[in-house]
Amino acid sequence: MLGYIRDLLTGAIPQVEPIDAEDGLEQWIAASFDRWSALIDPLPENVGPRFPNGYYNFAYEIVGPAKQIPLTQLAETVRASVVRYTGWPPFWYPTRKGIKPYLADGTVECWLGADPDTPVEARDTAHSDFWRIAPEGRAYLLRGYQEDSGDFPREGQRNLAPGTVFDATLPIWRVGETFLQAERLAANLFEGHTTIRFAAEFTGLQGRSLVRMDGMRHFRDGRTARQASIRLQTHIESQAIGPNLPEIVHSFLAPLYALFDFFELPKQLVVGELNRMRTRKF
């Protein structure tokens with residue numbers, strides 16, 4: 001723990017050497033995306049659950065000595081691993097009939113885009129998550145942009161069309177919460193020392209402008225992404241996540257923000273937003 005505190009103070013990020021069999025996580029990501037593609041196949045074109053303006057996904061693989069948890073207890077373990085700081089946490093575990101998680105191919109799976117209580121044309125891009133978690137310690141989350149949803153606050157009451165803006169604070173919250181959820185799932189599914197291989201992909205970025213929609217900080221107009229997508233990845237000790245979260249999130253997300261006309265992600269912004277997230281001061 002003293003080492004983690006020292007790393008936090010110096011800005012160092014405690015990482016581990018790359019894990020062997022690197023294609024395992026890639027196969028999980030590909031299989032999970034194929035599973036989602038099959039679920040949305042019957043839906044009409046351009047509806048919210050298809051994420052017509054882009055999406056982001058998080059995927060990770062925990063490596064370590066696994067506990068022998070019966071498949072019947074996996075759902076409760078997953079639910080106990082949810083980290084809820086914001087109103088829409090990653091891997092949210094609903095209990096309402098029609099959207100609650102279910103067992104599929106040996107994983108706990110949830111698809112909010114199939115909500116039977118909402119007409120398909122009215123299902124919201126930002127609330128049509130697809131996620132799955134396997135007992136071996138692999139997880140996958142696919143989500144549309146909140147910026148493209150009807151309930152997203154509009155800066156200065158301007159009419160901002162879906163696919164045109166990228167909020168500067170939301171990725172910090174979402175990535176921070178997901179790292180903390182991975183840390184908790186590792187503690188619930190594994191024993192002793194664990195490491196996590198973590199990957200993220202953001203798509204539909206080309207033409208989006210970097211903004212901050214809550215009005216707390218102004219960004220110079222015109223910072224626009226010209227690249228359509230980006231893939232990010234890291235590997236880290238699970239036990240280092242909590243004490244070093246700001247450094248981990250900053251290092252992980254910096255290449256994403258640089259796409260917006262070389263914007264340099266301020267460390268203080270990450271520290272401040274994660275503090276707001278953890279203290280629920282939105």
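For the structure itself, look to the data block above.
All of these numbers come straight from a predicted model, not from anything done at the bench.

Undergrad: Hey, could you go over the pattern of salt bridges for me, with residue numbers and the actual values?
TA: All chains considered together, the criterion is met by 14 salt bridges. Linking arginine 231 and glutamate 26 is a salt bridge whose minimum nitrogen-to-oxygen distance equals 2.8 Å. Of this pair, arginine 231 sits in strand E9 (residues 230-237) while glutamate 26 sits in helix H2 (residues 23-40); the two residues are 205 residues apart in sequence, bridging distant segments of the chain. Among the ionic pairs, arginine 132 bridges to glutamate 109, the shortest N-O distance being 3.8 Å. Of this pair, arginine 132 sits in strand E4 (residues 130-134) while glutamate 109 is found in strand E3 (residues 107-111), placing the two residues 23 residues apart along the sequence. Note on arginine 132: relative accessible area 6%, which makes it buried. Given a relative accessible area of 0%, glutamate 109 falls into the buried group. Through salt bridges with shared partners, a single ionic network connects Arg35, Glu109 and Arg132.

Undergrad: Describe the pairing of strand E7 (residues 195-202), and please don't skip the residues or the numbers.
TA: Counting buried positions along E7 yields 7 of 8 residues, so the element is predominantly enclosed. The pairing of strand E1 (residues 55-63) with E7 spans 8 bridges and is antiparallel. Paired with tyrosine 60 across the strands is phenylalanine 198, a residue of E7. Here E7 pairs with E9 via 8 bridges, running antiparallel. Residue pairing in the sheet places isoleucine 196 in a bridge with isoleucine 236 of E9.

Undergrad: Describe the packing of helix H4 (residues 170-189) against helix H5 (residues 245-258), with residues and values.
TA: At a minimum axis separation of 10 Å, H4 and H5 run at an interaxial angle of 130°. It follows from the interaxial angle that H4 and H5 lie oblique. In this structure, the crossing between H4 and H5 has a hand that is right-handed. Residues Pro171, Ile172, Val175, Gly176, Phe179 and Leu180 of H4 form the contact with H5, whose participating residues are Leu245, Ile248, Val249, Phe252, Leu253, Leu256 and Tyr257. Residue classes in the contact of H4 with H5 are distributed as 12 nonpolar, 1 polar and no charged.

Undergrad: How would you summarise the packing of aromatic side chains if you had to cite specific residues and measurements?
TA: Scanning the model with the defined rule gives 23 aromatic pairs in all. Geometrically, the ring pair formed by tyrosine 93 and tryptophan 131 is tilted, given 6.2 Å between the ring centres and 45° between the ring planes. Here the residue tyrosine 93 occupies a position in the loop between helix H3 (74-80) and strand E2 (102-104), and tryptophan 131 occupies one in strand E4, the gap between them amounting to 38 residues. As far as the burial class goes, tyrosine 93 and tryptophan 131 line up, both buried. Note on tyrosine 257 and phenylalanine 263: the rings are 6.3 Å apart at their centroids and 40° apart in plane angle, and the pair reads as tilted. Here tyrosine 257 matches phenylalanine 263 in class, with each residue buried. Cation over ring: arginine 208 sits above tyrosine 145, and NZ or CZ is 4.4 Å from the ring centre.

Undergrad: Hey, could you go over the nonpolar core for me, with residue numbers and the actual values?
TA: Soluble, globular proteins show a tendency: their nonpolar side chains are buried together. In this structure, Phe202 and Leu253 are the most contacted members of the largest nonpolar core, which totals 59 residues. The dominant element in this core, judged by the number of residues it contributes, is H4, at 10 residues. With near-sequence residues (within four places) excluded, leucine 253 lies in contact with Pro171, Ile172, Val175, Phe202, Leu232 and Leu265.

Undergrad: Explain the environment of methionine 277 to me, using residue names and the numbers behind them.
TA: Inspection of the secondary structure puts methionine 277 in helix H6 (residues 267-279). Take methionine 277: its relative accessible area is 0%, and that puts it in the buried class. Taking the C-alpha atoms as reference, methionine 277 lies 8.7 Å from glycine 176; in sequence the two are 101 residues apart.

Undergrad: Outline the side chain of threonine 224, supporting the account with residue identities and numerical values.
TA: The residue threonine 224 is located in the loop between strand E8 (209-211) and E9 in this model. On the accessibility criterion, threonine 224 (16% relative accessible area) is buried. Separated by 3.2 Å, the side chains of threonine 224 and serine 209 make a polar contact. Excluding residues within four positions of it along the chain, threonine 224 makes contact with Gly207, Arg208, Ser209, Leu259, Phe260 and Asp261.

The rules behind the values
- Residues numbered from 1 in each chain as written.
- Predicted model: local features only at pLDDT ≥ 70, side-chain atom pairs only at ≥ 80, totals over all residues.
- Heavy atoms only, no water.
- Salt bridge = Lys/Arg side-chain N within 4 Å of Asp/Glu carboxyl O.
- Helix = DSSP H or I, 4+ residues; strand = E, 2+ residues; numbered from the N terminus.
- Buried < 20%, exposed > 50% of the residue type's maximum accessible area, 1.4 Å probe, protein only.
- Pairing = 2+ DSSP bridges.
- Axes fitted to C-alpha atoms, helices over the stretch in contact; angles between N-to-C directions.
- Parallel < 35°, antiparallel > 145°, perpendicular 65-115°, else oblique.
- Left-handed = near helix turned anticlockwise from the far one by under 90°.
- Contact = heavy atoms within 4.5 Å.
- Nonpolar A, V, L, I, M, F, W, Y, C, P; charged D, E, K, R; others polar.
- Phe/Tyr/Trp six-rings, centres within 6.5 Å; stacked < 30°, edge-to-face > 60°.
- Lys NZ or Arg CZ within 6 Å of the ring centre and 35° of its normal.
- Core = buried A, V, L, I, M, F, W, Y, C linked by side-chain atoms within 4.5 Å.
- Polar contact = N/O pair within 3.5 Å; in protein donor to acceptor, adjacent residues only side chain to side chain.

Just geometry here; none of it tells us what the structure is for.
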